[in-house]
Amino acid sequence: MRYISTRGQAAILDFEGATLAGLASDGGLYVPQHWPRFTTAEIAAMAGLSYVEVAVRVCRPFTGDCLDEAALRQIFTIAYGRFAHEAVVPLKQLDHRHFLAEIFHGPTLAFKDIALQALGLVFERFLGRSGKHVTVIGATSGDTGSAAIDALAGRAGVEVYMLHPHGRVSEVQRRQMTTVLDGNIHNIAIEGNFDDAQALVKAMFNDAAFAGRFPLAAVNSINWARLMFQIVYYFTTALSLGAPHRAVSYAVPTGNFGDVFAGYVAAQMGLPIERLVVATNENDILHRALVAGDYSQGVVQPTDAPSMDIQVSSNFERLLFDLDGRDGAKLAVRMAEFEATKQMRLPEDQRAAAARLFTSARVDSAEMAQTMRWALAQSGELLDPHTAIGLAAARRDTGSAPMVTLATAHPAKFPAAVQAACGVHPELPARLADLMSRPERYDVALANLQAIEAYIAQRAKAK
Ligand SMILES: *Cc1c(COP(=O)(O)O)cnc(C)c1O
């Protein structure tokens, strides 16, 4: 499989190249040159297989000569062996139609572990093979950072600089990052919001002088490999609910449009998905884009679901690329215009094409809290705020297929919001019980490109 940039100008790479590059040199995102497609019989043959075996089959078409079947199996066996549930992603039934897919049973209690535990092993394998090293630069609204740090702490050849918005991640999220004291981990709290942190990361990748000095790599969902690993749980859960002989719908708490884009890819690969419900909170750029064609950046409103407090959804570019005929030159112009004006109108034919698979809902904090209480009363399930927003959106859907809400984080990651809504304090799992008393280390910095680049340049190993 070859990988091309959504903006058409960057070098075409293989899986290893796309994985280590992160952002393409033209500012675009790498996507596979085509979507591989399974036959119904091939999908049916996955029923009953373990999570690891489905993962091998789903990812194999994307990795070419870079990772063979045995390598993938070894990576997934180690990565998912660290999960606290034998099924890796268990399904829970809430009522006759609604299910939760719990994608949070990894080491840091959010779904980012699914991709990052595997990505850490892939990095190590590629780097060990070539003797290279990488400087990972990432921005996090909380969960990516903790998952990446857990996956990469102490790994040879990898240095991590993780930017999070100061004071805008939960204490549990912060401590999961800042209590990892390995020398290759650097936490930087930015005086700003997540979009500021993400913009700084993008600017560093786009700064040719800086990017030329350090072997920059990305672990945000701009990294294609992350999305690839997330396709797998759409397959395992749909198979459990009768696919490929029955269609299934998903509601996905959405921020950077990565998780739900993985569902789109699953559909392109032949999985019968009736609907992908894009659930947003008050930061509703995706909802406005899907219902009215209005992709314009608003001001970030902090909420109890901080991983969704995003006004520029990077991975939406990958969908726009497909909707606009995969014309990189044309998309480069549209994206440059968006970056300058912070506004984009989706042509009505493209919006309507997206709306055939994607619906959306904007869920405010009152409805989020009410949905948490509903789930607790209905089926004894304690939900985290992100999952509650997903479930609220799911319950508005009027389709007939079984509806799976992706439960993206463990409730104990957001104890204050859960306590406020339900009056119940969610306990951290035993393996994290001493988190609140571990020592922390991080630096605070202004959201200033030169300052951050200088900070990294002082510490990182040059190419
Ligand atoms: C990252 C995250 C999301 C948003 O996922 P995207 O891939 O950015 O759309 C939702 N919920 C939780 C708990 C997350 O950590």
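About the cut-offs
- Residues numbered from 1 in each chain as written.
- Predicted model: local features only at pLDDT ≥ 70, side-chain atom pairs only at ≥ 80, totals over all residues.
- Heavy atoms only, no water.
- Helix = DSSP H or I, 4+ residues; strand = E, 2+ residues; numbered from the N terminus.
- Contact = heavy atoms within 4.5 Å.
- Pairing = 2+ DSSP bridges.
- Axes fitted to C-alpha atoms, helices over the stretch in contact; angles between N-to-C directions.
- Near = heavy atom within 4 Å.
- Polar contact = N/O pair within 3.5 Å; in protein donor to acceptor, adjacent residues only side chain to side chain.
- Areas by Shrake-Rupley, 256 points an atom, 1.4 Å probe, with all protein chains shown as cover.
- Nonpolar A, V, L, I, M, F, W, Y, C, P; charged D, E, K, R; others polar.
- Buried < 20%, exposed > 50% of the residue type's maximum accessible area, 1.4 Å probe, protein only.
- Right-handed = clockwise from strand over helix to strand, strands pointing away.
- Phe/Tyr/Trp six-rings, centres within 6.5 Å; stacked < 30°, edge-to-face > 60°.

K.L.:
Got a sec to walk through the side chain of aspartate 113? Specific residues and values, please.
P.N.:
With respect to the helices and strands, the residue aspartate 113 is situated in helix 5 (residues 112–130). Residues contacting aspartate 113, with those up to four places away along its chain left out, are Phe83, Gly106, Pro107, Thr108 and Ala147.

K.L.:
Could you give an account of the sheet that holds strand 9 (residues 248–253), naming the residues involved and the relevant values?
P.N.:
Paired through backbone hydrogen bonds, the strands of a sheet run either parallel or antiparallel to each other. The strand order 3-4-14-9-10-13 describes an open sheet built from 6 strands, whose pairing is mixed. Either end of the sheet is taken by a strand with one partner, and the two such strands are strand 3 (91–93) and strand 13 (358–362). On average, adjacent strands in this sheet sit at an angle of 25 degrees to one another, irrespective of strand direction. Of the pairings in the sheet, the one linking strand 9 to strand 14 (residues 403–407) comprises 3 bridges and is parallel in character.

K.L.:
Describe the site of the ligand, and please don't skip the residues or the numbers.
P.N.:
Around the ligand sit 14 residues, and of these Lys112, Asp143, Gly255, Asn256 and Asp259 come closest. In the model, an oxygen atom of the ligand is placed 2.8 Å from a nitrogen or oxygen of the glycine 255 main chain. Here phenylalanine 257 contributes a backbone N or O atom positioned 3.1 Å from an oxygen atom of the ligand. Relative to its unbound accessible surface of 380 Å², the ligand loses 97% to contact with the protein. Its residues assigned to classes, the shell around the ligand shows 4 nonpolar, 7 polar and 3 charged.

K.L.:
How would you sum up the pairing of strand 7 (residues 185–191)? Please name residues and give values.
P.N.:
The buried fraction of strand 7 is high, at 6 of 7 residues. As paired strands, strand 6 (residues 158–165) and strand 7 are joined by 6 bridges and run parallel to one another. Across the sheet, residue valine 160 finds its bridge partner in strand 7, namely isoleucine 185. Crossover handedness for the path strand 6 to helix 7 (residues 171–178) to strand 7: right-handed.

K.L.:
Got a sec to walk through the packing of aromatic side chains? Specific residues and values, please.
P.N.:
Here the structure, examined in full by the defined rule, presents 21 aromatic pairs. Ring plane angle 85 degrees and centroid distance 5.2 Å describe the contact between tyrosine 51 and tyrosine 80, whose orientation is recorded as edge-to-face. Residue tyrosine 51 is found in helix 3 (residues 51–63), and its partner tyrosine 80 is found in helix 4 (residues 69–81); the two are separated by 29 residues along the sequence. Of the two residues, tyrosine 51 and tyrosine 80, both sit in the buried class. Summarising the aromatic geometry, the rings of tyrosine 295 and phenylalanine 338 are spaced 5.0 Å apart at their centres and angled 40 degrees between planes, so their arrangement reads as tilted.

K.L.:
Hey, could you go over the sheet that holds strand 6 for me, with residue numbers and the actual values?
P.N.:
One open sheet accounts for 5 strands, arranged 8-5-6-7-15; its pairing is parallel. Each end of this open sheet is capped by a strand with a single partner; those strands are strand 8 (216–217) and strand 15 (443–446). Direction of pairing for strand 7 relative to strand 15: parallel, over a ladder of 4 bridges. Each bridged residue has a counterpart across the sheet, and for isoleucine 190 the counterpart in strand 15 is alanine 445. In the packing of helix 6 (residues 143–152) onto the sheet, the strands contacted are strand 5 (134–139), strand 6 and strand 7, and the crossing angle to strand 6 comes to about 165 degrees.

So far we have only geometry, and geometry alone does not tell us how the molecule works.
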